[in-house]
Amino acid sequence: MASVSGGVALSCPSKLSHRPSSSSSSSSHRRYVSASSVKMAVSVDDKKKSYTLQKSEEAFKIAKVCLSLMELMPGGVNSPVRAFKSVGGQPILIDSVKGSHMWDIDGNEYIDYVGSWGPAIIGHADDEVLAALAETMKKGTSFGAPCLLENVLAEMVISAVPSIEMVRFVNSGTEACMGMLRLARAFTGREKIIKFEGCYHGHADPFLVKAGSGVATLGLPDSPGVPKAATYETLTSPLNDLSTVEKLYEANKGEIAAVILEPVVGNSGFIPPKPGFLNALQKITKENGALLVFDEVMTGFRISYGGAQEYFGITPDLTTLGKIIGGGLPVGAYGGRKEIMEMVAPAGPMYQAGTLSGNPLAMTAGIQTLKRLKEPGSYEYLDKITGELIHGILDAGKKAGHAICGGYISGMFGFFFTEGPVYNFEDAKNSDTAKFARFYRGMLEEGVYFAPSQFEAGFTGLAHTPEDVQRTIAAAEKVFRQI
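No experiment lies behind these values; they were computed from the predicted model shown.

A. Looking closely at the overall build of the protein. Of regular secondary structure, the protein possesses 15 helices and 16 strands. By sequence separation, contacts in the protein at least 24 residues apart represent 72% of the contacts at least 6 residues apart. Summed over all atoms, the accessible surface of the protein reaches about 21200 Å², with 53% contributed by carbon and sulfur.

Right, dumping it as structure tokens:
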């Protein structure tokens, strides 16, 4: 990859002087913080240099000072886990990505196992995806009207995901889960739902009860601003605990609309279902006239082409998707049996709409990504490199005397700093998060980028190479000896 350079001026407009006099020079119209220009010069061809985050630190200082003046960005970020609150140290600002690697504004290179939190399964900035996007952009970026690309991606999703006979595209996983919940309630005529502790289904009010992801990372029990009425109908159970689910059904007969879960949890770390658990949920929902919903925003097209439901052979009633189906652009979707989906407006009375839903750019990137994933050997390769990665990390940790456990399925993995096993969020919370933080910062310095939280899964992609994996394992061996 060639050298990339550029300059970015970060300025803080002052609230103290809203009307500069006409005689003032243009430079006085803005108040500049020291280091008001953070220049980014990244050369990936240079030899490995000493690790520094000077420019990232300068940029975050500016963002935080600006925040006190104009509320630029809360905490300097636009999604909480990016702030490194649980791992400490300086958050990094990314300048560019390509394949399995990323570069920050200080010029540091990393092997990336976050993949934009899942979408980059064929690699960042894939040449074919970028070329297709360039062609699509010549026609426009958003129509606010139907386009043929929606039909193409819809057909691909329906043919791939066993539960989906009809699909509605939206703009995020959160939005998909919001639409799904309203639909489940509309179809069943019931209001209560069962979710599992540590499962994250976006930041809509009804789901912010014992949620995972950033809520777990920041140690927030629930979010202020969520009315009691919004979560009153949300029932919770530990993951992999069928007994509690049965008790909830017994105590709420004829009132439960749906059971929703991540079929493989990624938002409180990587936690797979116990054998038979998904089958049992399917049985109990059918017996009680409720719907089984798989939130496959993370697992969809990742652990198999047909998602977790294809992998485990369990077909839910409704499914939510996101991430991969947009190929790195904002997207979400929900779908299911035709009789249920025909409740959605304009076919039915359940209203849901979106300005940018089905926009041509997201559809294009999704189509190109799914085409690549459908090529023979894609998931076999993901399984091979992910297995080598997680076994290497676990072996290195145990050899160095650390309590560690973990696992993987295809291109999704995770590990916890605890003896394990980890079957639910309570088990995950036994992890030594302070040790994870030290491990995380050490791996950053060695050029490896994991999710900055013990309670997030990791992702591999087709762009990861055997060399990437071996370099990661070697780095882990070194860091494990140090922490």
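B. Structural context of the sheet that holds strand E16 (residues 458-459). Across the sheet, 3 strands lie side by side as E13-E14-E16; this open sheet has antiparallel pairing. Two strands close off the open sheet at either side, each with one partner strand: strand E13 (405-409) and E16. Relative to E16, strand E14 (residues 412-416) runs antiparallel, the two sharing 2 bridges. Bridge pairing links Phe-413 to Gly-458 in E16.

C. Molecular detail of the pairing of E14. Extensive coverage of E14 is indicated by the burial of 5 of its 5 residues. Burial along E14 is two-sided: Met-412, Gly-414 and Phe-416 facing one way and Phe-413 and Phe-415 facing the other are all buried. Both E13 and E14 contribute to a ladder of 5 bridges, which runs antiparallel. Looking at E14, one finds that Tyr-408 is bridged to Phe-413.

D. Main features of the packing of helix H12 (residues 378-399) against helix H15 (residues 466-482). Running from N to C, H12 and H15 cross one another at 15 degrees; their axes reach a closest spacing of 9 Å. Judged on the interaxial angle alone, H15 and H12 are roughly parallel. In the crossing of H12 with H15, the sense of the turn from one axis to the other is right-handed. Each of Tyr-381, Ile-385, Glu-388, Leu-389, Gly-392, Ile-393, Ala-396 and Gly-397 in H12 lies in contact with H15, whose residues at this interface are Pro-466, Val-469, Thr-472, Ile-473, Ala-476, Glu-477 and Phe-480.

E. Region of the structure containing the sheet that holds strand E3 (residues 94-98). Pairing is mixed across the open sheet formed by 4 strands, whose spatial order is E3-E4-E5-E15. Two strands close off the open sheet at either side, each with one partner strand: E3 and strand E15 (448-449). In the packing of H15 onto the sheet, contacts are made with strand E4 (101-104), strand E5 (109-112) and E15, and the angle to E5 comes to roughly 105 degrees.

F. Looking closely at the environment of Ser-304. Residue position: Ser-304 is located in the loop between strand E10 (291-295) and helix H9 (307-312). Residues Ser-304 and Glu-380, spaced 76 residues apart in sequence, show a C-alpha to C-alpha distance of 9.5 Å. Among residues more than four places away in sequence, those in contact with Ser-304 are Glu-310, Tyr-311 and Tyr-379. Within the structure, the side chain of Ser-304 is placed 2.7 Å from the backbone oxygen of Gly-307, a separation counted as a polar contact. In terms of polar contacts, Ser-304 uses its side chain to reach the side chain of Glu-310, at 2.9 Å.

G. Molecular detail of the pairing of strand E7 (residues 192-196). Most of E7 sits inside the fold, with 5 of its 5 residues counted as buried. Residue alternation in E7 divides its side chains into two sets, Lys-192, Ile-194 and Phe-196 and Ile-193 and Lys-195, and both sets are buried. With 3 bridges joining them, E7 and strand E9 (residues 256-261) adopt parallel strand pairing. Paired with Lys-192 across the bridge in E9 is Ile-256. With 4 bridges connecting them, E7 and strand E8 (residues 234-237) associate as parallel partners. Bridged to Lys-195 within E8 is Thr-236.

H. Just the nonpolar core, in detail. Membership of the largest hydrophobic core comes to 37 residues, with the highest contact counts inside it found for Phe-415, Phe-439, Tyr-449 and Phe-450. Of all the secondary-structure elements, those providing two or more residues to this core are E5, H12, E14, helix H14 (433-445), E15 and H15. Those residues within four positions of Phe-439 in sequence are excluded, and the remaining contacts are Phe-415, Phe-417, Phe-450, Ala-476, Val-479, Phe-480 and Ile-483.

I. Broad picture of H14. Taking 1.5 Å of rise per residue, 13 residues should cover 18 Å, and H14 covers 19 Å from first to last C-alpha, within 8% of that figure. Taken together, the buried positions of H14 are occupied by Lys-435, Phe-436, Ala-437, Phe-439, Tyr-440, Gly-442, Met-443 and Leu-444. Packed against the buried residues of H14 are E5, E14, E15 and H15. Gly-447 lies just past H14 and shows a positive phi near 85 degrees.

J. Summary view of the side chain of His-201. If you trace the backbone, His-201 turns up in the loop between E7 and helix H5 (213-217). Here Asp-295 takes part through its side chain, which lies 2.7 Å from a polar atom of the side chain of His-201. Other than its neighbours up to four places away in sequence, His-201 contacts Thr-174, Cys-177, Lys-195, Phe-207, Ile-260, Leu-261, Glu-262 and Asp-295.

K. Quick peek at the side chain of Thr-319. With respect to the helices and strands, the residue Thr-319 is situated in strand E11 (residues 318-322). Side-chain polar atoms of Thr-319 contact the side chain of Gln-309, separated by 3.0 Å.

L. Region of interest: the pattern of salt bridges. Counted according to the given criterion, the structure contains 12 salt bridges. We note a salt bridge from Lys-192 to Glu-255, for which the minimum N-O separation is 3.4 Å. Pair noted here: Lys-192 is in strand E7 and Glu-255 is in the loop between helix H7 (242-251) and E9, with a separation of 63 residues, a long-range link. The exposure class of Glu-255 is partly exposed, given its relative accessible area of 35%.

Here is what the cut-offs are and how they apply
- Residues numbered from 1 in each chain as written.
- Predicted model: local features only at pLDDT ≥ 70, side-chain atom pairs only at ≥ 80, totals over all residues.
- Heavy atoms only, no water.
- Helix = DSSP H or I, 4+ residues; strand = E, 2+ residues; numbered from the N terminus.
- Contact = heavy atoms within 4.5 Å.
- Areas by Shrake-Rupley, 256 points an atom, 1.4 Å probe, with all protein chains shown as cover.
- Pairing = 2+ DSSP bridges.
- Buried < 20%, exposed > 50% of the residue type's maximum accessible area, 1.4 Å probe, protein only.
- Axes fitted to C-alpha atoms, helices over the stretch in contact; angles between N-to-C directions.
- Parallel < 35°, antiparallel > 145°, perpendicular 65-115°, else oblique.
- Left-handed = near helix turned anticlockwise from the far one by under 90°.
- Polar contact = N/O pair within 3.5 Å; in protein donor to acceptor, adjacent residues only side chain to side chain.
- Core = buried A, V, L, I, M, F, W, Y, C linked by side-chain atoms within 4.5 Å.
- Expected span 1.5 Å × (residues − 1).
- Salt bridge = Lys/Arg side-chain N within 4 Å of Asp/Glu carboxyl O.

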